[in-house]
Amino acid sequence: MSELRKRKPSSTNTPSSSAPKPPVPPPIPSDSDSIVSESEPVPVPASKQKTKPPKSDKTQETSGAKKWSCVDSCCWLIGIICSVWWVLLFSYNAMPASIPQFVTEAISGPMPDPPGVKLQKEGLKAKHPVVFVPGIVTGGLELWEGHQCAEGLFRKRLWGGTFGEVYKRPLCWVEHMSMDNETGLDPPGVRVRPVTGLVAADYFAPGYFVWAVLIANLARIGYEEKNMYMAAYDWRISFQNTEVRDQTLSRIKSNIELMVSTNGGKKVVVIPHSMGVLYFLHFMKWVEAPAPMGGGGGPDWCAKHIKALINIGGPFLGVPKAVAGLFSAEAKDVAVARSIAPGVLDSDFLGQTTLRHVMRMTRTWDATMSLIPKGGDTIWGGLDWSPEEGSVCPPDKEEYSNGINYGRMISFGKDIAEAPATEIDQTDFRDAEKGNNIAHSNGSCGDTWTEYHEMGWRGIKAVADYKVYTTGSLVDLLSFVAPKMMQRGSAHYSYGIADDLDDPKYQHYKYWSNPLETKLPNAPEMEIFSLYGVGLPTERAYVYKLAQSAECYIPFQIDTSVNNGTCLKDGVYLVNGDETVPVLSAGFMCAKGWNGKTRFNPAGIKTYIREYVHAPPSNLLEGRGTQSGAHVDIMGNFALIEDVVRIAAGATGDEIGGNQVHTDILKWSERIKLKL
């Protein structure tokens, strides 16, 4: 621009004018860079033609520094999506309630009354006090004490809400959300505690409900905070440690006793969701066990205080997704994102190597180990069989999983996943020697240390050479790749099947959250429900590969290049479920393990299965839908909410219709040979 300002306009005489004319401003330079007179074009000598000056070295350097990158694209994309979301959310909430309702009804017809309104018209009233038990990650956590980097965050949410601190101080956030790698409790100088009250888990983030819709519908028939209680807990630490550190189990016991005594002796209805199902199983054993290990409530405490246990999306037997998360810090969605933008999740993004920091943080959360699949090959299948073989692969209702062996939970290569069991040559990894890793010894991986850096190449190769892992070998695999994590976990959880439930060893708390290693309470009048969504593809098994660079990287990755119809997509074998919990895990205990008087249910507590077929929202204004079967969105499912409200108002399982089964869970359960 400085050269253009210095340049003087050329003077040109025209034959049609004898009088001098005022100087004409120079025209905007064009590709030809010629100056045209008012009457006719005059050729410009080549010596006076302008050419673009070559860029100086400084200009070229500046241009190179502004080169667009994949990270820039990702940041802009995330920013645009978030901005559009907030604008739409603000507009939706700012407009009168009648407008979106009018538009929705114009598109899809009149909307049904919410369940609370419908049941209020029927005359239902609040009866039994209600206890909510949230699952993993859905409960808010706030800071009570932190390091200098967390200045100004006292009692601000680190988990839940807007997640603003993740973007402002990502490394500081990871540091405060992590637990001590040796004890599984608070690191020195850090105290992060669960938010209390109904607000702890009514919304996960602004506009994203968890318990809020159910709470609102219960309020329609007369419920309020005096007869509703959110049993919030720190979902990062082991179940027993919630009592050791926070006395959470004691608080739940006291609150339930208070609610029963202040509501005319009416027993509570307990509604756990997701991992909260396992947490409350642990509570029921703890509350009746003698002190100091237990709560000292006596063998009839549950019979006196609990009317019904309504489990929503319960991972009774664990979830395969937990294995992928602990093994390689990914699941299907993360693996797909990694394949779309290679290197981004392994690069320095927002000042951190994302997946390695995620792994370092989540491997300190001992509660995640409660979700490792239980029951071994007896429940989940082995090298040559699986209960769900031959089933439909949702959402396609015509494609069947014939020939797919879901029992092979981790296979290194599609050929291994499909090979006959007799042709698989496995080299045992358990006693393999772990080599020294240069990256760990010289500190080149910095703060993103994981236990993989102690394995060395020999240990990594040994894992891959074993080729295929069933549920029976998963605990050994995780103990090999993450010994510190599993050493803590083995003190708090167990994943087997009890031979003799009267063996005194099963009185230890490590068995209390495994329904296959413990008895239900002696409460014959209590009812147990398993409510869950179906019709959505859910992770069941994985095809893995070795990462190209394993020195400072997580050495194992889901192979997203492997696809085969709807049953095998992006390296993940899929079955029917709610996108998180397979039907087998959510339904087996009520379908068979606890059905009638069994050694796991000696009191003969009645059990019911209620499946809800997923249906997507009919339009955008319907939000996340009123017929969703997804793991969290089902909390807004009108049919499920109606069932829950009726039970809270006094209905029995038979009065709401008994079992409601749409899948082959009963057939799959019969294929499982479990001593009852």
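In case you missed it, the structure is sitting above this.
Presented here is an overview of the structure given in this document. (Residues numbered from 1 in each chain as written. Predicted model: local features only at pLDDT ≥ 70, side-chain atom pairs only at ≥ 80, totals over all residues. Heavy atoms only, no water.)

**Quick look at the sheet that holds strand E8 (residues 268-272)**
Selection criterion: Any two strands between which DSSP finds at least two bridges are classified as paired. Think of it this way: any DSSP run of H or I at least four residues long counts as a helix, any run of E at least two long counts as a strand, and we number them from the N terminus. For helices, the fitted line uses only the C-alpha atoms of the stretch in contact; every axis is such a line through C-alpha atoms, and the angle between N-to-C directions lies from 0 to 180 degrees. Residues count as neighbours in contact if any of their non-hydrogen atoms are within 4.5 Å of one another.
What the 6 strands build is an open sheet, ordered E7-E1-E8-E9-E14-E19; its pairing is parallel. Each of the sheet's edge strands pairs with one partner strand only, and the pair in question is strand E7 (228-230) and strand E19 (606-613). Going across the sheet, the axis of each strand differs from the next one's by a mean of 15°, ignoring polarity. Where strand E1 (residues 130-133) lies against E8, 4 bridges are found, and the strand directions are parallel. From the neighbouring strand, Val133 faces E8, where its bridge partner is Pro272. The strands touched by helix H11 (residues 275-288) are E1, E8 and strand E9 (306-312); relative to E9, the strand with the most contacts, the crossing angle is about 150°.

**Things to note about the sheet that holds strand E4 (residues 191-194)**
Taken in spatial order, the 3 strands of this open sheet run E3-E2-E4, and their pairing is antiparallel. Two strands bound the open sheet, and with one partner strand each, they are strand E3 (157-159) and E4. Sheet twist, expressed as the mean angle between neighbouring strand axes with direction ignored, is 45°. In this sheet, E3 lies alongside strand E2 (residues 141-145) in antiparallel orientation, the contact comprising 2 bridges. Bridge pairing in E3 places Glu142 opposite Arg157. Most of the contacts of helix H7 (residues 170-177) go to E3, to which it runs at about 80°, and overall it touches E2, E3 and E4.

**Describing the state of the cysteines**
To be explicit about the condition: Disulfides are defined in this document as cysteine sulfur pairs within 2.5 Å. Burial here depends on accessible area, computed with a 1.4 Å probe over protein chains only, as a share of the maximum for the residue type. Under 20% is buried, over 50% is exposed, and the range in between is partly exposed.
Per the counting criterion, the structure on display carries 2 disulfides. Between the sulfur of Cys149 and that of Cys172 lies a disulfide, 2.1 Å long from S to S. Taking the sign of the S-S torsion, 80° for the link of Cys149 and Cys172, the bridge is right-handed. Of this pair, Cys149 sits in the loop between E2 and E3 while Cys172 is found in helix H7, placing the two residues 23 residues apart along the sequence. Here Cys393 engages in a disulfide with Cys567; their sulfurs sit 1.6 Å apart. The sign of the 95° torsion about the S-S bond sets the Cys393-Cys567 disulfide as right-handed. One end of the pair, Cys393, is in the loop between helix H16 (376-380) and strand E12 (410-412); the other, Cys567, is in the loop between strand E16 (556-558) and strand E17 (568-569), with 174 residues separating them in the sequence. Judged by relative accessible area, which is 0%, Cys393 ranks as buried.

**Some words on unusual backbone geometry**
Ala291 connects to Pro292 through a cis peptide bond whose omega is 10°. Structurally, Pro292 is set in the loop between H11 and helix H12 (301-305). Phi is positive for Ser274, close to 55°, though the residue is something other than glycine. Turning to its location among the elements, Ser274 is positioned in the loop between E8 and H11. Overall, the relative accessible area of 9% leaves Ser274 in the buried class. The phi torsion at Lys467 lies on the positive side, around 75°, for a residue other than glycine.

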